[in-house]
Amino acid sequence: MGNLGWYQLLTTLAKKVGNPKNLILLTAGGGYVIIRTIEAGGKKVVKLIRNKTDNKKVNYLSTHDVNETKVDENGVVFTKGDIFNVIAVDGDSVLIEIVNHNDNPYFVSSNFLKSISNFQ
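First, a word on scope: everything that follows refers to the structure included in this document. All residue numbers here refer to positions counted from 1 along the written sequence of the relevant chain. Residues qualify for local features only when their pLDDT is at least 70, as the model is predicted, and side-chain atom pairs are given and counted only at 80 or more; totals for whole chains, interfaces and linings, by contrast, use all residues. Just so you know, side-chain values use all the structure's heavy atoms and leave hydrogens and water out.

1. Here's the deal with the overall build of the protein chain
Stated precisely, the cut-off is as follows: For the purposes of this entry, the term helix denotes a DSSP run of H or I that reaches at least four residues, the term strand denotes a run of E that reaches at least two, and both are numbered from the N terminus. The size measure is the radius of gyration over C-alpha atoms, and the globule rule it meets is 2.2 Å times the number of residues to the 0.38 power. The cut-offs for exposure are 20% and 50% of the maximum accessible area for each residue type, with area from a 1.4 Å probe on protein chains only; residues under the lower value are buried, those over the upper are exposed, and the others partly exposed.
Scanning the protein chain from terminus to terminus reveals 3 helices and 6 strands. Reading the protein chain from its N terminus to its C terminus gives the helix and strand order α-α-β-β-β-β-β-β-α. A globule of 120 residues ought to have a C-alpha radius of gyration of about 14 Å, yet the protein chain, at 31 Å, is considerably larger. In the protein chain, which comprises 120 residues, the share counted as buried stands at 21%.

Okay, here's the thing in structure tokens:
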């Protein structure tokens, strides 16, 4: 390319497409098409991932009713009449989902659950 470098390349390309204005329009148009194609593909991938994760159903170990209104040591409010589903148990920790709560799931002590519900 000699000492002209990129300038020589750009002038050569501009001559091939007619003039510098055409070169700029073709470059911008090509970039736009490439970006939109990548965006469309990305949206499809995101949609597929969301569908896969949204369709997962949780298998509950058991379902229990809350017998008295109380707040546990983590600040989780249990109201009499609430229903909670047990997702997992590990020693004294129980992973639960309280029906119709937005901040699910919660880790709660099994002793606390025994004191406010029919959890065994």
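2. Some points on the environment of Ile38
You can see Ile38 is positioned in helix α2 (residues 20-54). For Ile38, a relative accessible area of 57% translates into the label exposed. In this structure the C-alpha to C-alpha distance between Ile38 and Ser110, which are 72 residues apart in sequence, comes to 49 Å.

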